[in-house]
Amino acid sequence: MSKPVQMRHMPQIAHVDVNCFYASAERAFDPSLEGRPVIVLSNNDGCAVTCSPEAKALGIAMGEPWFKLAPRAKEWGLVALSSNYELYGDISARVMELLGRYSAWLEVYSIDEAFLGVKGTPAELLALGREMKAAVRRNVGVPVCVGIAATKTLAKLANKWAKNNPAFGGVCHWDSIPASEREGLMGRLSVIEIWGVATRLTKRLNVMGIFSILDLARADPVMIRDRFSIVMMRTVLELQGTPCIPMEEERIGKDQLIFSRSFATPITTAAGIRQVMSVYGQQASARLAKHDLQAKVLTAFAGTSHFNPKDTSYPSVCVPLPMPTADPVILTKAAHALLPHIRDGVRYARAGIMVTDLRPTGNQAPLSLFENPHEERHVGTLLEVVTKKYGRGSIGLGHGGIRGGPDWAMKRDMLSPATPPTGRNSPSSKPPKPMPYLYDSTAPAPPERTHSHDHHPRSPRPRPRRPGPHRPRRHTAGHPPRRTDLDR
DNA sequence: ATGGGTCAG
DNA sequence: CTTTCTGACCCAT
């Protein structure tokens, strides 16, 4: 008895992500790094955030402080690089552009991950996955793995499986695996391996006797909803193969922007904090302007190190702005409201500002023009132009513009030299042949969320998107596969 | 509405 | 000297 034809054409979701993205991006830029142990360091060159497989083989773990590694780097032939987000953003854009050719339904989930709506027979889906993997490798130069399944949650799991089990060759189509094997896997994996479940939820689930992914998949969704949340229930349903997390439209409009940083060395003076606040005020202004937004509220904060439990202090102030603004002078002044709360001698390890209550520029009363002379004179714009031309730190208001001086600047001593080559590996150099079974705009839309408790309103029939210019989320290649037995 | 908690990457 | 920096959403208040 053969299955109805439609069964073989159920919409599925492909999850694609780049293996150890930052390290791979550095390699795409500098192929001589291929085969060598490479790590990419966090801000301030503090610790390793991404390790190439060769680096992992040396026993280097994610989060390993660089100062511990440095002495042995030479003997290991270890290449350590400061994180270079410009490079990663560029590589990311190329990957996404390429993936966009394989489906009208691309959701850029993070700087190195995407979901694609796909459909076809199992054999076709597998072929599609392999084709995408090969194309990205060929055209952009980074390795990816692909997981394909009926739901996002399962697609991510399949991807993880593919990554950890060489037998898959980097591509795993969930439904093509015998059920007994899938259950074997789910039975061996802790719930913490699931998308959306971390330490807290794991503990709570464990208390209820739910330890493995299989335990959770077999739990009663309603009970889970009552004891946890609708979100966790969706996870359960998704594990059972019922799509509940739909493909998302590109997120438009943010609710808040945060600018904060840990310092290379603690700041111990109000003067130092003042300087930092000035820089953040200007950064906030530039970002708001870029997105045509204005803020109504600014929060400024500072804090001592979490690792030094004595003498802690976390001052913060919330400043309602007289009118929605993106003006650097006003924002900087507002940020300085934190200063009275800063005590000299306290070792502040980080500080930042947050702008909230954001709204699009342009729908305020004209009166505000006169109340806001800086805006009228385009001070913000000028700052941006100069900054773009001469680099950050070359100009600034008040104490923000001191160049080279501040020792709280990020250390990036091992930065890769420049932006990556264009042309050579550029995706456009060899466009992939479209596959006959692409998920196209005339095909049924991807699964709708079955429970509509969801924040971002979306059109009932999501429209297909081209990948367009992306605003990939920031990302550290974090959450490194803590030891799993995905590969038996 | 707002803030604390939780998660992701 | 376990991880940076964001961003978002859930949920209780």
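Each value, and the rule that gives it
- Residues numbered from 1 in each chain as written.
- Chains lettered and ligands numbered in written order.
- Predicted model: local features only at pLDDT ≥ 70, side-chain atom pairs only at ≥ 80, totals over all residues.
- Helix = DSSP H or I, 4+ residues; strand = E, 2+ residues; numbered from the N terminus.
- Buried ≥ 20, exposed ≤ 12 C-beta atoms within 10 Å, placed from the backbone.
- Contact = placed C-beta atoms within 7 Å.
- Pairing = 2+ DSSP bridges.
- Axes fitted to C-alpha atoms, helices over the stretch in contact; angles between N-to-C directions.
- Domains from an automatic or database assignment.
- Nonpolar A, V, L, I, M, F, W, Y, C, P; charged D, E, K, R; others polar.
- Expected span 1.5 Å × (residues − 1).
- pLDDT = per-residue confidence, 0-100.
- Parallel < 35°, antiparallel > 145°, perpendicular 65-115°, else oblique.
- Core = buried A, V, L, I, M, F, W, Y, C linked by C-beta atoms within 7 Å.
- Left-handed = near helix turned anticlockwise from the far one by under 90°.

A. Inspection of the overall build of chain A at higher detail. Of the regular secondary structure elements, chain A holds 16 helices and 13 strands. The 488 residues of chain A split such that 39% are buried. Look at the contacts in chain A between residues 6 or more apart in sequence, and 72% of them connect residues 24 or more apart.

B. Just the sheet that holds strand β5 (residues 106-110), in detail. Read across the sheet, five strands follow the order β5-β6-β1-β7-β8 without closing on themselves; strand pairing throughout is mixed. On the outer flanks of this sheet lie β5 and β8 (171-173), each paired with one strand and no other. Here the average twist between neighbouring strands, direction ignored, is 15 degrees. Here six bridges tie strand β1 (residues 12-18) to strand β7 (residues 144-149), and the two strands are oriented antiparallel to one another. The partner of V16 across the bridge, within β7, is V146. Where helix α4 (residues 85-100) meets the sheet, it contacts β1, β5 and β6 (113-118), and its direction lies at approximately 155 degrees from that of β5. Packing of helix α6 (residues 152-164) onto the sheet brings it into contact with β1, β6, β7 and β8, and relative to β7 it is tilted by some 140 degrees.

C. Local environment of the domain arrangement of chain A. One can read the domain layout of chain A as domain 1 (5-177 + 422-429), domain 2 (182-239) and domain 3 (256-401). For domain 1 versus domain 2, the distance between C-alpha centres works out to 26 Å. Each partner contributes to the interface: domain 1 provides nine residues, whereas domain 2 provides eight residues. Here the residues of the side of domain 1 that touches domain 2 sort into four nonpolar, two polar and three charged.

D. Here's a closer look at the sheet that holds strand β3 (residues 48-51). Taking strand neighbours across the sheet as the criterion, the three strands line up as β3-β2-β4 in an open arrangement whose pairing is mixed. Looking at which strands have only one partner, the edges of the open sheet turn out to be β3 and β4 (79-82). Going across the sheet, the axis of each strand differs from the next one's by a mean of 30 degrees, ignoring polarity. Contacts between helix α3 (residues 66-76) and the sheet are confined to β2 (38-41), β3 and β4, with β4 contributing the most and set at about 140 degrees to the helix.

E. Molecular detail of α6. For α6, which comprises 13 residues, the first-to-last C-alpha distance of 18 Å matches the rise-based estimate of 18 Å (1.5 Å per residue) to within 8%. In terms of burial, α6 is a largely internal element, 12 of the 13 residues being buried. For α6, every residue scored as buried is listed here: K152, T153, L154, A155, K156, L157, A158, N159, K160, W161, A162 and K163.

F. Main features of the confidence of the model for chain A. Model confidence for chain A is summarised by a mean pLDDT of 75, while 70% of its residues fall at 70 or above. Across chain A, the secondary-structure element scoring lowest on mean pLDDT is helix α14 (residues 367-371), at 35, and the one scoring highest is β8, at 98. Counting contacts from residues 364-409, a segment whose pLDDT is below 50, to residues more than four positions away or on other chains yields 65 contacts.

G. The arrangement of the pairing of β1 in detail. Counting buried residues along β1, seven of its seven residues qualify, which places the element largely inside the surrounding structure. Burial along β1 is two-sided: Q12, A14, V16 and V18 facing one way and I13, H15 and D17 facing the other are all buried. In this structure, β1 lies alongside β6, joined through six bridges in antiparallel fashion. Considered in β6, the bridge of D17 is made with E113.

H. Representation of the packing of helix α1 (residues 21-29) against α4. Two numbers describe how α1 lies on α4: the axes approach to 10 Å, and their chain directions differ by 85 degrees. One finds that α1 runs roughly perpendicular with respect to α4. For the pair α1 and α4, contact is made by F21, Y22, A25, A28 and F29 and by L87, Y88 and I91, respectively. Split by residue class, the contact of α1 with α4 holds eight nonpolar, no polar and no charged.

I. Region of interest: the pairing of β7. Where burial is concerned, most of β7 is hidden: six out of the six residues are buried. Burial along β7 is two-sided: the face carrying V144, V146 and I148 and the face carrying C145, G147 and A149 are both buried. Of the pairings in the sheet, the one linking β7 to β8 comprises three bridges and is parallel in character. Of the residues in β8, the one forming a bridge with G147 is C172.

J. Spatial organisation of the nonpolar core. With 85 residues, the main nonpolar core has I39, L99, L116 and A158 as its most contacted residues. In terms of domain composition, this core takes at least three residues from each of domain 1 (5-177 + 422-429) and domain 2 (182-239). Residues within four places of L99 in sequence aside, it is in contact with V16, L106, A114, L116 and M132. Listed in part, the 31 residues of the second largest apolar core include F263, V276, A334 and V355.

K. Summary view of the packing of helix α12 (residues 270-290) against helix α13 (residues 328-335). Where α12 contacts α13, the axes come no closer than 8 Å and their chain directions differ by 140 degrees. By the criterion of interaxial angle, the relationship of α12 to α13 is oblique. When the axes of α12 and α13 are compared, the crossing they make is right-handed. Facing α12, whose interface residues are M277, S278, Y280, G281, Q282, A284 and S285, α13 presents P328, L331, T332 and A335.

L. Looking closely at unusual backbone geometry. At C20, a residue that is not glycine, the phi angle is positive and equals roughly 25 degrees. Structurally, the position occupied by C20 is in the loop between β1 and α1.

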